[in-house]
Amino acid sequence: MFPVHLFVTGGTLDKDYDPISGELTFPASCIPSLLEEARCGLALTVEVLFEKDSLQMTEEDRRKINLACEVCPENHIVITHGTDTMVETAKALQHNSKLSDKTIVLTGAMRPYRLSQSDASFNMGSALMAAQIAGSGVFIAMNGRLFRADQVKKNLSAGIFETL
């Protein structure tokens, strides 16, 4: 079993509904609860880099993710990320030659973990499994599928990820 490093960057997966403001917000990360509920038995390190909606993510944020992956001692990495710009971040990681020996899997959710009928747990489980069995490279795990970073797009009208 490979040790896996899980970087949290926010996205819909980690949001919650604020009944006073009526908005989706970022309270404390749900990842510990999600992993406990799933009875995750991996050698896993969880590190929160930041909590942002991916539409608010900047190039500086992507540099921070890249650097975190570079200095991470584990070679198997999962990153939670908002789905709107997940492909952009995956491609930025894919172009970093310092990461060529690592397996990096980005995942997220279309509905927050804390809301009913969320895809968060399913996607997280898929990503954690993929990080252990996929070869080196940068991938996106969504909708029960694993995509290479440069061979995927988000289909906005269907609400799924698909091969280019």
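Above this text you will find the structure in question.
Residues numbered from 1 in each chain as written. Predicted model: local features only at pLDDT ≥ 70, side-chain atom pairs only at ≥ 80, totals over all residues. Heavy atoms only, no water.

1. A short note on the state of the cysteines
Thinking step 1. Taken as a whole and assessed by the stated rule, the structure comprises zero disulfides.
Thinking step 2. For the unlinked cysteine Cys69, the closest cysteine sulfur is that of Cys72, found at 6.8 Å. (Disulfide = S-S within 2.5 Å.)

2. Some thoughts on the packing of helix H2 (residues 59-71) against helix H3 (residues 86-94)
Thinking step 1. Where H2 meets H3, the closest approach of the two axes is 10 Å, and the angle between their N-to-C directions is 45°. Taken together, the axes of H2 and H3 are oblique relative to one another. You can see that H2 and H3 cross each other, and the crossing is right-handed. Where H2 approaches H3, its residues Arg62, Ile65, Asn66 and Cys69 are matched on the opposing element by Glu88, Thr89, Ala92 and Leu93. (Axes fitted to C-alpha atoms, helices over the stretch in contact; angles between N-to-C directions. Helix = DSSP H or I, 4+ residues; strand = E, 2+ residues; numbered from the N terminus. Parallel < 35°, antiparallel > 145°, perpendicular 65-115°, else oblique. Left-handed = near helix turned anticlockwise from the far one by under 90°. Contact = heavy atoms within 4.5 Å.)

3. A closer look at the sheet that holds strand E4 (residues 44-52)
Within a beta sheet, neighbouring strands are joined by backbone hydrogen bonds and run either parallel or antiparallel to one another.
Thinking step 1. Spatially, E4-E1-E5-E6-E7-E8 is the arrangement adopted by the six strands of the open sheet, whose pairing is mixed. Either end of the sheet is taken by a strand with one partner, and the two such strands are E4 and strand E8 (145-148). The mean angle between the axes of side-by-side strands here comes to 20°, regardless of whether they run parallel or antiparallel.
Thinking step 2. Here four bridges tie strand E6 (residues 103-107) to strand E7 (residues 137-142), and the two strands are oriented parallel to one another. When the bridges of E7 are listed, Thr103 appears paired with Gly137. (Pairing = 2+ DSSP bridges.)

4. Let's talk about the nonpolar core
Thinking step 1. Core analysis: the largest hydrophobic core is formed by 24 residues, its most contacted members being Cys69, Ile79, Leu93, Ile104, Leu106 and Ile140.
Thinking step 2. For this core, the secondary structure elements donating two or more residues are E4, H2, strand E5 (76-80), H3, E6 and E7.
Thinking step 3. By residue number, the principal contributor to this core is H3, which donates four residues.
Thinking step 4. Ignoring any residue separated from it by four or fewer positions in sequence, one finds Leu106 in contact with Ile79, His81, Met86, Thr89, Ala90, Leu93, Val138, Phe139, Ile140 and Ala141.
Thinking step 5. Counting 22 residues, the second-largest nonpolar core is a separate cluster that includes Val8, Leu42, Val105 and Ala109. (Core = buried A, V, L, I, M, F, W, Y, C linked by side-chain atoms within 4.5 Å. Buried < 20%, exposed > 50% of the residue type's maximum accessible area, 1.4 Å probe, protein only.)

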